[in-house]
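Observations on the three-dimensional arrangement
Now for the letters of each chain:
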Amino acid sequence: MKDTTLVVAGMATLAAGTYAFRLSGQVLRARISFPPRVGKLLEAATVILLAALVATTALTEGHGFSGFARPAGVLVGGVLAWRKAPFLMIVIAAAATTALLRLLGVP
Amino acid sequence: MLRDIAVTCLAVFFIGLSYGAIAVASGFPLWLPAAQSVLVLAGASEFLFIGIVAAGGNPIAAALAGLLVNARHLPYGLALPDITGPEVTGRGWRQMAGTHLMNDESVVFALAQDDLPRKRAAYWACGLGVLICWPGGAVLGALIGSAVHDTGAFGLDAMFPAVILALIVPDLRTRLTLRAALAGAAIALIATPFLPAGLPVLLALVAVLLLVRSSGVTPEAGATTDTGATPEADGKSGECPVGAR
């Protein structure tokens, strides 16, 4: 590893900043009182964030396309979830589909 | 619920294995992924940090890139005040600890529960599980190194998105929320080739505007749910985008 001090400083920056993000949302919320409607919107905003996270982690790698195997697995998991399959089955089916497709040579 | 959390933590453990293995393979000593996995406790940003520094990037710049990825924790805290807030967990160290446990998994499990006690229980159980499994996986992965380098062969990279998706599906059954979530996902995907990591997901928040416009800003407007709620049922039963399950 190159400069240990600098790397530790980077890690500390990342750790402290991440904690600040985790804290500041709550502090803001405690200071400002929102009407219930806005509270619902904020909760919906979390669902939108998570949906975007699903889409980007399933379909992209870096700045490009992740290949077909991973999104196909996630899609199978999503369909099973929509049909109210057990959680364990959803997770295993997603991983298994992706693994199987890769075994068959799908990127 | 606990079994689902255990499955999720196991998935986190496997991703941790690959994280530790990749970190060591990139030339970092064992203590770096070990310390980082406990202190940062946010997987995607740690992968990014390791990747940028290993490629010769400045560690401070790598930290800033990681922070961009982690900025979504701010809206998480904004949306879930009852879970880590002082009125529930007490003040002082419990709130400080609860804050550190905030991550995608603990937030999504809390969100998926119906009442406050269950939300709190899910948040803490999943948060503590991740606190054990993520560093545990990272250390073990760093120790056994390249043996687990290629986790892609087992499809483990499909687990994280599948877990999150499975847990938000109940919310997506509300048509308005589904539309906004799809729009947000599309925005993030379109932006990914052009923006640094983390920003596309934040940009997806623009899709909240769909909900604001569709449901109106006054409490009485937009009672067009498919949940059958009538406007008279309570004082302000407007559109209820989340939790109508």
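Everything that follows concerns the structure shown earlier in this document.
Let me begin by describing the structure that accompanies this report. All chains use their own residue numbering, which begins from 1 and follows the written sequence. Ligands are numbered from 1 and chains lettered from A, in the order in which they are written. A pLDDT threshold of at least 70 governs which residues receive local features in this predicted model, and a stricter bar of 80 or more applies before side-chain atom pairs are shown or counted, although totals over entire chains, interfaces and linings include all residues.

Here's the deal with the packing of helix 9 (residues 104-111) of chain B against helix 11 (residues 159-172) of chain B
Residues and elements named next belong to chain B. As a reminder of what qualifies: Angular values range over 0 to 180 degrees, each being the angle between N-to-C directions of two axes fitted as lines to C-alpha atoms, with helices fitted over their stretch in contact. A helix here means a DSSP run of H or I that spans at least four residues, while a strand means a run of E at least two residues long, and both kinds are numbered starting from the N terminus. Convention used here: angles under 35 degrees read as roughly parallel, angles over 145 as roughly antiparallel, angles from 65 to 115 as roughly perpendicular, and any remaining angle as oblique. Note on convention: the crossing is left-handed when the near helix lies turned anticlockwise from the far helix by less than a right angle, right-handed when the turn is clockwise. Throughout, a pair of residues is in contact if the C-beta atoms placed from their backbones lie within 7 Å.
Between helix 9 and helix 11, the least distance of the axes is 9 Å, while the angle of their chain directions is 20°. The angle between helix 9 and helix 11 falls in the class roughly parallel. Viewed along their axes, helix 9 and helix 11 form a crossing whose handedness is left-handed. Counted together, Asp104, Val108 and Phe109 of helix 9 and Ile164, Leu167 and Ile168 of helix 11 form the full contact between these two elements.

What to know about the interface of chain A and chain B
Selection criterion: Amino acids are sorted into nonpolar (Ala, Val, Leu, Ile, Met, Phe, Trp, Tyr, Cys and Pro), charged (Asp, Glu, Lys and Arg) and polar (every other residue, Gly among them).
Contacts between chain A and chain B engage 63 residues on the former and 81 residues on the latter. Elements represented by at least two residues in the side of chain A that touches chain B include exactly helix 1 (4-31), helix 2 (36-59), helix 3 (69-82) and helix 4 (87-103) of chain A. When residues in the side of chain A that touches chain B are grouped by element, the largest group, 21 residues, is from helix 2 of chain A. Residue composition of the side of chain A that touches chain B, by class: 38 nonpolar, 18 polar and seven charged.

Some thoughts on the environment of valine 79 of chain A
All names here are of chain A. Filter applied, for reference: The burial criterion counts other C-beta atoms lying within 10 Å of a residue's C-beta, which is placed from the backbone; the residue is buried at 20 or more, exposed at 12 or fewer, and partly exposed between these limits.
Secondary-structure assignment places valine 79 in helix 3. Exposure remark for valine 79: the 13 C-beta atoms within 10 Å place this residue in the partly exposed category. Sequence-wise, valine 79 and proline 36 are 43 residues apart; in three dimensions their C-alpha atoms are separated by 32 Å.

Read these as geometric descriptors, not functional statements.
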